[in-house]
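Architecture at a glance
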Amino acid sequence: MNQNGCDIGLLGLGVMGRNFVLNMADHGFSVGVFNRTKEKTRKFMEEEVGDRQIQAGYTLAEFVSLLKSPRAVLISVPAGDPVDQVIDEIVPALSSGDLIVDMGNSHFSDTDRRDHSLTEKGLLYMGMGISGGEAGARNGPSLMPGGSKEGYERIRPIMEAASAQIDGTPCAAYLGPRSAGHYVKMVHNGIEYGLMQMIAETYDLMKRGMAYDAPKLHRVYQKWSEGDLNGYLMEITAEIFRQKDDLTGEPLVDVILDRARQKGTGEWTSLEALEHQVPLPGIHMAVTARDMSDYKKERTLAAKRFYGAPGPPLGEEFVDRLEGALYAGMVVCYAQGMALLDQVGRKYDYGLDLRTVAAIWRGGCIIRARLLENIREAYGAEPHLANLLLDSRLGDAVEAKTGDLREVVCAAARSGIPAPGLMAALSYFDAYRSERLPANLIMAQRDYFGAHRYERIDKDGTYHTAWTEREVKK
Ligand code: 6PG
């Protein structure tokens, strides 16, 4: 143990916390730990710590006394009230200049509030997104730190060592002030929702539309994960189709109930996009699809009532179409998330560098994918790129696959298999590349019923037309 105390402290020995402590310790840092339930701490110390430099505090005062000054305390507890409770409890034991880092999936507005009040108290505060689940926390997550820059400099060597590494570069980088880190993590999760939904749709099309069984599905996703679609979600999808259920011997995926749960970060991303009027249909659709899945009882009734549209059978070559469609859909999904970060990030003065965001998402996190290297390069060439679709390479790649996307969307519609994520991706692309949209008619309608006025294509100003005789007479 360092003579002056532990390099860093971590409070909350849940799955993420425990694994991150071991990860930091394995990189040679001494860590002080605390958990509200003493038994959990004892068990962790006895069963997992071994000869690593980890010390436990069984009271908050003891925990704080273990840490080198100025202190750095990571908090790994569920988002929401528990974070406030822990902060309220620990703050009296800390001194001015000490650092608190919230590693949970906190809503960014909570992070802003905490940042404000703790900074006023003379403490340093950070909100740091962490992605990669249990394995990531243990072996190298993607870390998205925001808040006090001075605070980050203090813990930077530890975070850089503990994070995933891509080509020798840590997947951890300071993103910006206040809630910048948690905002980026929220959008990461929104993209995660969008990608998962579209992958699930390709599964549905192959299972229901082509009667593919689990071994066949495994082979398809395995092949895809070796090509342009390479990424963590594709890899685990391939693996999932290999898992057998212990109880029935059936493929496990077939016995899992089709009701998708959610903790809320996808919905937060959607709400943010709506609030700031950034088009984000892929992520809205992904949230809505999870909501729809929850209506299991009603869906079961409706399934008996409506027949759908059994389209022509889908041939083997359709799998290649799906691959292309998914690729185009994925680029469009990242494009939407990045556009939200770009536009709202500027409103919130985060000073986000989207190249850095793409770089730290290349490893460790759930949405890591080969595509992120292209995205990083796109922002490297043009830091203020308005939309990823405007990058020549990514734009060309999407354009080359839109034929597949159209084919898949048509096939889904003809077969009566819902594909809201892929359909939204195509609509987004088509709307984005349409110089003229039918919004002129909407403006005419608004002016007709509410005198809301419209702009003209040929001169400045706003106009109102007396659309009805009654109005003319007034
Ligand atoms: C990650 C995950 C992680 C968590 C999600 C699940 O980046 O490691 O996103 O944060 O698994 O919160 O989110 P839902 O419960 O909303 O699907």
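First, a word on what this report is: a plain description of the structure on this page.

1. A look at the overall build of the protein
For the protein, the helix and strand inventory stands at 21 helices and 11 strands. Radius of gyration (C-alpha) of the protein: 25 Å, near the 23 Å computed for a compact globule of 474 residues. Along the three orthogonal principal directions, the C-alpha set of the protein runs to about 85 × 65 × 45 Å. Across the 474 residues of the protein, 49% fall into the buried class. Sequence separation of 24 or more characterises 67% of the internal contacts of the protein that already satisfy a separation of 6 or more.

2. Remarks on the side chain of asparagine 35
Of note, asparagine 35 is situated in the loop between strand S2 (31-34) and helix H2 (38-47). For asparagine 35, a relative accessible area of 9% translates into the label buried. From its side chain, asparagine 35 meets the backbone nitrogen of leucine 13 in a polar contact 2.8 Å long. Excluding residues within four positions of it along the chain, asparagine 35 makes contact with Gly12, Leu13, Lys40 and Thr41.

3. Let's talk about the packing of aromatic side chains
Geometry of an aromatic ring pair is reported as the spacing of the ring centres plus the angle between the planes. Inspection of the entire model under this criterion finds 13 aromatic pairs. Here phenylalanine 34 and phenylalanine 63 contribute two aromatic rings whose centre-to-centre distance is 5.9 Å and whose plane-to-plane angle is 40 degrees, an arrangement assigned as tilted. Linking phenylalanine 34 in strand S2 with phenylalanine 63 in helix H3 (residues 60-65), this pair joins segments that are 29 residues apart in sequence. Per residue, the accessibility class of phenylalanine 34 equals that of phenylalanine 63, and both read buried. Through successive ring pairs, a cluster of aromatic residues spans Phe108, Tyr183, Tyr348 and Tyr350. Here the basic side chain of lysine 216 rests over the ring of tyrosine 212, its NZ or CZ set 4.6 Å away from the ring centre. The ring of tyrosine 193 has arginine 290 lying over it, and the distance from NZ or CZ to the ring centre is 3.6 Å.

4. Some details on the site of the ligand
Around the ligand there are 15 residues in total, and Ser131, Lys185, Glu192, Tyr193 and Arg290 lie nearest to it. At 3.3 Å from an oxygen atom of the ligand is found a main-chain nitrogen or oxygen belonging to glycine 133. Contacts to the ligand include glutamate 192, whose side-chain N or O atom sits 2.7 Å from an oxygen atom. Of the residues forming the shell around the ligand, the biggest block, five residues, is contributed by helix H8 (residues 180-210). Among the residues forming the shell around the ligand, the class breakdown is two nonpolar, nine polar and four charged.

What counts and how
By convention here, each chain's residues receive numbers from 1 onward along its written sequence. Thresholds applied to this predicted model are a pLDDT of at least 70 for local features of residues and 80 or more for the giving and counting of side-chain atom pairs; totals over whole chains, interfaces and linings are not thresholded and use all residues. Just so you know, side-chain values use all the structure's heavy atoms and leave hydrogens and water out. Strands are runs of DSSP state E lasting at least two residues, helices are runs of H or I lasting at least four, and both sets are numbered from the N terminus onward. This radius of gyration counts C-alpha atoms alone. The globule rule is 2.2 Å times how many residues there are, raised to the power 0.38. Burial classification: accessible surface area is computed with a 1.4 Å probe over protein chains only, and a residue below 20% of its type maximum counts as buried, one above 50% as exposed, and the rest as partly exposed. The contact definition used throughout considers only heavy atoms, calling two residues in contact when any of these lie within 4.5 Å. Side-chain atoms alone can form a polar contact between residues adjacent in sequence; in general such a contact is a pair of N or O atoms within 3.5 Å, and within protein one must be able to donate a hydrogen while the other accepts it. Aromatic pairs are defined between Phe, Tyr and Trp rings, using the six-membered ring for Trp, whenever the two ring centres lie within 6.5 Å; interplanar angles under 30 degrees are classed as stacked, those over 60 as edge-to-face, and all others as tilted. Both a distance and an angle decide whether a charge sits over a ring: NZ of Lys or CZ of Arg must be within 6 Å of the ring centre and within 35 degrees of the ring normal. A cutoff of 4 Å decides nearness: a residue is near a molecule or strand if any of its heavy atoms lies inside that distance of it. Residue classes follow a fixed rule: Ala, Val, Leu, Ile, Met, Phe, Trp, Tyr, Cys and Pro count as nonpolar, while Asp, Glu, Lys and Arg count as charged, and any other residue, Gly among them, counts as polar.

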